[in-house]
Amino acid sequence: MICESCQENEATVHITTGSGLNKTERYLCEACANKSFSSQFSSFSDDSFNIHQLLQSLSAQQPFGSHKQQKKHCENCGSTVESILEKGKFGCAECYETFNEKSNEIITKVQLYQTEHVGKIPQKSSAYIKVKKEIEQLRTKLSELVQEQEFEEAAIVRDQIKSLEAGDDNGKN
């Protein structure tokens, strides 16, 4: 393909700008590409075309809001979402407010997608928590039985719930 600028040399540089309907393509030889970029990118050390310098210059001159956006960070401690995920903890108390819209996602990822506590329970509270969970399960079962119109079994479950709430150990049959 012939250079679009000088119409003499072989085009070795393909320049694409824009996207979609605003996309334009140019095919230039090395000399014309150097001329085209020399005024725009005066930081080149010599007159030869260097693709690495070109790419660095182009990436440094990207307008705000294009491909690279500034990462949101906490004003108090400077933490970012990435640093929180890497460390496994928030940097300070203000991070919870700063990353409010992402905090549930962050916590879920940090906790390895565990959303319920399954660890140890203090001995003093274990009996109380065990009864509370049992009542919760019985209420779920009661709702299902009522929906299925199993009223006799529902009455038995209701009595078990009342017994557990009253503090009796007779809740189970």
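As the structure is a prediction and not an experimental result, all values here were calculated from the model.

Engineer: When you look at a negative patch on the surface in this model, what are you seeing that I'm missing?
Structural biologist: A cluster of acidic residues, Glu 144, Glu 148, Glu 150, Glu 152 and Glu 153, forms a negative patch at the surface. By the secondary structure assignment, Glu 148 is in the loop between helix 6 (123-147) and helix 7 (151-166). Given a relative accessible area of 53%, Glu 148 falls into the exposed group.

Engineer: I tried to follow the packing of helix 6 against helix 7 on my own but got confused; where do I start?
Structural biologist: Between two packed helices, what matters for the description is the angle formed by their axes and the separation of those axes. The interhelical angle for the contact between helix 6 and helix 7, taken along N-to-C directions, is 160 degrees, at an axis separation of 9 Å. In terms of their interaxial angle, helix 6 and helix 7 are classed as roughly antiparallel. Every pair of crossing elements has a handedness; the one defined by helix 6 and helix 7 is left-handed. Across the interface between the two elements, Val 131, Glu 134, Ile 135, Leu 138, Arg 139, Lys 141, Leu 142, Leu 145 and Val 146 of helix 6 pack against Phe 151, Glu 153, Ala 154, Val 157, Arg 158, Gln 160, Ile 161, Leu 164 and Glu 165 of helix 7. Taken together, the residues that form the contact of helix 6 with helix 7 break down as eleven nonpolar, one polar and six charged.

Engineer: Can you walk me through the packing of aromatic side chains in this structure?
Structural biologist: Two aromatic rings are characterised by how far apart their centres lie and by the angle between their planes. The tally for this structure, following the rule as stated, stands at one aromatic pair. An angle of 35 degrees between the planes, with centres 4.1 Å apart, marks the rings of Phe 90 and Tyr 96 as tilted. Phe 90 sits in the buried class, given a relative accessible area of 14%.

Engineer: Any chance you could explain the side chain of Ser 79 here in plain terms?
Structural biologist: Here Ser 79 is to be found in the loop between helix 2 (51-60) and helix 3 (81-87). Given the relative accessible area of 6%, Ser 79 is considered buried. In this view, Ser 79 contacts Lys 72, His 73, Cys 74, Ile 84, Gly 91, Cys 95 and Phe 99; residues no more than four positions away in its chain are not counted.

Engineer: Which parts of the structure should I look at to understand the pattern of salt bridges?
Structural biologist: Think of it this way: side chains of opposite charge can pair up when their charged atoms draw near. With the rule as written, the count across this model stands at three salt bridges. Where Glu 101 meets Lys 72, a salt bridge forms, and the shortest distance between an N and an O atom there is 3.0 Å. Taken as a pair, Glu 101 in the loop between helix 4 (93-98) and helix 5 (103-110) and Lys 72 in the loop between helix 2 and helix 3 lie far apart in primary sequence, 29 residues in all. Residue Glu 101 is classed as exposed on the basis of its relative accessible area, which comes to 58%. A relative accessible area of 44% places Lys 72 in the partly exposed class.

Engineer: What should I look at first to understand the environment of Glu 97 in this one?
Structural biologist: Its location among the elements puts Glu 97 in helix 4. The spatial distance from the C-alpha of Glu 97 to the C-alpha of Cys 74 is 8.9 Å, given a sequence separation of 23 residues.

Parameters and conventions
Residues numbered from 1 in each chain as written. Predicted model: local features only at pLDDT ≥ 70, side-chain atom pairs only at ≥ 80, totals over all residues. Heavy atoms only, no water. Patch = residues over 30% accessible without salt bridge, like charges linked within 9 Å, V, L, I, M, F, W, Y side chains within 5 Å. Areas by Shrake-Rupley, 256 points an atom, 1.4 Å probe, with all protein chains shown as cover. Salt bridge = Lys/Arg side-chain N within 4 Å of Asp/Glu carboxyl O. Lys, Arg positive; Asp, Glu negative; His and termini not counted. Charge placed at Lys NZ, Arg CZ, Asp CG, Glu CD. Helix = DSSP H or I, 4+ residues; strand = E, 2+ residues; numbered from the N terminus. Buried < 20%, exposed > 50% of the residue type's maximum accessible area, 1.4 Å probe, protein only. Axes fitted to C-alpha atoms, helices over the stretch in contact; angles between N-to-C directions. Parallel < 35°, antiparallel > 145°, perpendicular 65-115°, else oblique. Left-handed = near helix turned anticlockwise from the far one by under 90°. Contact = heavy atoms within 4.5 Å. Nonpolar A, V, L, I, M, F, W, Y, C, P; charged D, E, K, R; others polar. Phe/Tyr/Trp six-rings, centres within 6.5 Å; stacked < 30°, edge-to-face > 60°.

So far we have only geometry, and geometry alone does not tell us how the molecule works.
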